[in-house]
Amino acid sequence: MEFLNQYYGMLEAYCGQASFAVVLLALTLGYFGAPLFLWALLIVGYLFITGYPLWLVGAALGAFVLFLIPPLRQIISSVIMKIMKGVLPNISDTERTALEAGVVWCEGELFSGNPDINKLMDQPYPKLSADEQAFMDGPVEEVCKLMDDWKIWKTRKISEEVFELLKKGKFFGMIVPKEYGGLGFSALANSAVIGKLSSRSVCASITVMVPNSLGPAELLIHYGTQAQKDRYLSKLANGQEIPCFGLTEPGAGSDAGSLTSSATLFKGDDGKIYMKLNWQKRWITLAAISTVIGLAFRLYDPENLLGKGEDLGITCALIPSSNEGVVIGRRHDPLGVPFYNCPTEGKDVVVNAEDAIIGGLDGAGKGWSMLMDCLGAGRGISLPAQCTGGAKFAARVVSNHAVLRKQFGISIGKFEGVEEPMARIAGSAYYLEAMRMYTLSALDQGISPPVVTAIAKYNATEDFRKIVNDSMDIMGGAGISMGPKNLIAIPYIACPIGITVEGANILTRTLMIFGQGALRAHPYAFKEVDAVEKGDLKAFDKAFWGHIGHIVRNLCRSIVLSTTHGLLAGRGGFSGKAGRYVQKLKWASASFAIMSDLAMGILGGKLKFKEKLTGRYADILSQMYIATAVLRKFKADGEREEDLPYLEYSMDLCFSKIQKAFDGIFDNFIPPFKLIKVWSNYNSLATEPSDAITHKLSKLIQTDSEQRDRITAGIFYPTNESDQLWRQEKAFKLVSEASAIEKKIKKAVGNKTLPKKRVKDLVDLAVEKGVITASEKETIAESIKWRWDTIQVDDFSAEEFVSRS
């Protein structure tokens, strides 16, 4: 192939003919991760054949022998270990707990530099069970029909009828096992319910998601004593108990480890161990109406009653809201969205420690690990579901509007200026669904990968912020006029809520995705740090030299794949454009792996303070994960040809973002890296999606088709004729039908059956000439009427306007 000839020619020019074969062999050995003895044969053989002094040949051979025999190699390793001990930062107990929580999943493959695409594509694609689908078609549909999001906004509450239906339908007990009266749903079903509710009411989706995420039920299921499970779970499932979970404090937000809420153990007159708690929490969803408060606090045992020392650490407990000293009832106002978000305080609240501490007295001091495990799963369900449901809803509503709204005689969706944001909305709906489903695959396998769920939470909420902005741009005046006809305004207002909760996005990106990912997902980094802290020479020796081999391999892979534009990488069983994207993914992974090692090696412990750099690394890891999820969705959907525009848009966007992040690293790391930037500009992974692709996507989402329904599946479609979305959908279908009829008239004008006039002026003549039928004439008239109806906006009398507040 021509590119191979150019590649070999470049190597020969740089290395000279004598060394060309050795360089080529070295790159080949490194590319395939050859064992050390093959490197020994290559280097010693080269020195011998090219006439280097025998003492040098012998020295090289001796060095390789030294490294091939572990006991001898460990002499060198011990020196390196001592040096690293003085360089590496200490890992605090809370950091260690966070790092050890959950497991590493596919992010480990992406970090490896040589991802196993077959393994990534073989992850099962989850499906709803018959019971779960029946719940979606029954109770969820019923709740959605009962809700009116504008009325919720205007009255500042979910109606009692809806709230009772949520309790009766066990919406608050989706994660509670069936043996305790709950629904025992999968992560997929939990996500599907939240996604559908979010397409109807942001307030309702938040109200339902919180009890099914981090909170009393989740903690009890995994860590509670049998007595605690028996006492609470059935009541949580049927709504007799309304839970909340108090973690955030005035001084402890994203830095949840800095809690000041505290409890002190003491022995009562009855000989039992009690706790006296004091806390001040804020931004606690459902607190004002809660009957039981899940609480995180620091536990002290001044009398050493448990024999574990005085400071037992962060602990989780369940506190009845009715207890003396508990203060609830006040509310925050989260951007006007009327879900219950509240402060809560506790002043000298006394409870039985065995009954209250989750897990009983054995659970004392184990709260942080409980929180890390549960947050690691919850981040991958609730907010990604809410944002994906919102993205599909926006794609449907805004594309309807783009077809129905006319300016200058044509639908605004045909203007290129509108096509661009319309394509972004449609493309986002596709790849957010891919990311949602792929993440749920892990969770429903019982795998809880915290780095992956952080990626899902961060990217879903950030992309939804862009979606609502694009939606506003296209909707224009219809987007800013509040009222029941405006379906975008409330999601637009509510969007920042998801950005801030479950770990603020700025810190999620810079500290969790790469900060934790660099140690967790890297095949050797955490093992090295752990071995150094424990003084385990054997483990350090194995990890350190494995790491060196990892660096050599990825350096060679990065050079080879970069100079060949990824064309030497395998296609992972895909063909055509999808196969080419697999090659680019492997190229990106190799470059990411070597650049990550360079960052960790050069900056060491200072890396976690270089948040602008770690943010860019996080972007690369995020986009590689999304690209993997998109490929898996494309495969799960049968690799349909009609879906290629969605695949191309999503993958081009991912790789262009990866390229942008790499360029930012090259510009801002150390000066020599600017030279790599020159090569990167010449040999980039991708550019942003082309105008041709955005045109296709915009057209597809504005076309009445099975594909459009499939891309936006899972949202609520109302059956009430007074509902704006129902009216939009009716108008959209009529206009689509009328458009096909109007093409007949235009064709008749072209062949001179009809005179050259505006279509609306030719309808009667077209019927008379037999170009269209009388029924088709009626369809055109209906489409005009419905188009006009659905572009109207709300207005209010002076009294109505004032009474709304």
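Residues numbered from 1 in each chain as written. Predicted model: local features only at pLDDT ≥ 70, side-chain atom pairs only at ≥ 80, totals over all residues. Heavy atoms only, no water.

A. Highlighting the overall build of the protein. Secondary structure assignment for the protein yields 35 helices and 9 strands. With respect to the three principal axes, the spread of C-alpha positions in the protein is 105 × 90 × 45 Å. Within the protein, the fraction of its 805 residues that count as buried is 55%. Considering only residue pairs separated by 6 or more positions, the protein has 75% of its internal contacts joining residues 24 or more positions apart. Accessible surface, the protein as shown: approximately 34,900 Å² in total, 56% of it carbon and sulfur. Distance from the positive charge centre (90 side chains) to the negative charge centre (87 side chains) of the protein: 4 Å. (Helix = DSSP H or I, 4+ residues; strand = E, 2+ residues; numbered from the N terminus. Buried < 20%, exposed > 50% of the residue type's maximum accessible area, 1.4 Å probe, protein only. Contact = heavy atoms within 4.5 Å. Areas by Shrake-Rupley, 256 points an atom, 1.4 Å probe, with all protein chains shown as cover. Lys, Arg positive; Asp, Glu negative; His and termini not counted. Charge placed at Lys NZ, Arg CZ, Asp CG, Glu CD.)

B. View of the environment of Ala593. By the element assignment, Ala593 lies in helix α26 (residues 576-603). In this structure, the C-alpha to C-alpha distance between Ala593 and Leu555, residues 38 residues apart in sequence, is 8.5 Å. Apart from residues no more than four positions distant in its own chain, Ala593 is found in contact with Phe111, Ser112, Gly113, His550 and Asn554.

C. Looking closely at a nonpolar patch on the surface. A cluster of nonpolar side chains, namely Leu61, Val65, Leu68, Ile69, Leu72 and Ile75, defines an oily patch on the protein surface of about 490 Å² accessible area. Elements that contribute at least two residues to the nonpolar patch include exactly α4 (54-68) and α5 (70-87). Counting residues per element, the nonpolar patch draws most heavily on α4, at 3 residues. Here Ile69 is to be found in the loop between α4 and α5. The class of Ile69 is partly exposed, set by a relative accessible area of 36%. (Patch = residues over 30% accessible without salt bridge, like charges linked within 9 Å, V, L, I, M, F, W, Y side chains within 5 Å. Salt bridge = Lys/Arg side-chain N within 4 Å of Asp/Glu carboxyl O.)

D. Examining the pattern of salt bridges more closely. The full count for this structure, using the stated rule, is 34 salt bridges. Note that Arg424 and Asp470 form a salt bridge whose closest N and O atoms lie 2.8 Å from each other. In this pair, Arg424 is assigned in helix α19 (residues 416-443) and Asp470 in helix α20 (residues 450-475), connecting sequence segments 46 residues apart. Measuring nitrogen to oxygen at the nearest pair gives 2.7 Å for the salt bridge that ties Lys744 to Glu776. Of this pair, Lys744 sits in helix α32 (residues 724-750) while Glu776 is found in helix α34 (residues 774-790), placing the two residues 32 residues apart along the sequence. Connected through salt bridges with shared partners, the residues Arg640, Glu642, Asp643, Glu706 and Arg710 form a single ionic network.

E. Geometry of the packing of aromatic side chains. Applying the stated criterion across every chain, the model contains 19 aromatic pairs. Arranged with centres 6.1 Å apart and planes meeting at 15°, the rings of Phe111 and Phe514 form a pair that is stacked. Of this pair, Phe111 sits in helix α7 (residues 106-112) while Phe514 sits in helix α23 (residues 505-520), and the two are 403 residues apart along the sequence. Considered together, Phe111 and Phe514 belong to a single accessibility category, that of buried residues. Seen from their ring centres, Phe163 and Phe172 are 5.6 Å apart, and the 55° between their planes marks the pair as tilted. As far as the burial class goes, Phe163 and Phe172 line up, both buried. (Phe/Tyr/Trp six-rings, centres within 6.5 Å; stacked < 30°, edge-to-face > 60°.)

F. Highlighting the environment of Glu109. Inspection of the secondary structure puts Glu109 in helix α7. Sequence separation of Glu109 and Gln133 is 24 residues, and the distance between their C-alpha atoms is 33 Å. Excluding residues within four positions of it along the chain, Glu109 makes contact with Asn114, Pro115, Asp116, Lys119, Leu120 and Ser589. Only 2.8 Å separates the side chain of Glu109 from the backbone nitrogen of Asp116, close enough to count as a polar contact. (Polar contact = N/O pair within 3.5 Å; in protein donor to acceptor, adjacent residues only side chain to side chain.)

G. Fine view of a positive patch on the surface. Residues Lys406, Lys414, Lys699, Lys743, Lys746 and Lys760 make up a contiguous surface patch of positive charge. Within the element layout of this structure, Lys760 appears in the loop between α32 and α33 (763-768). Accessibility expressed as a relative area gives 59% for Lys760, which makes it exposed.

H. Here's a closer look at the side chain of Thr508. With respect to the helices and strands, Thr508 occurs in helix α23. Owing to a relative accessible area of 1%, Thr508 belongs among the buried residues under this scheme. A distance of 3.0 Å separates a polar atom in the side chain of Thr508 from the backbone oxygen of Gly503.

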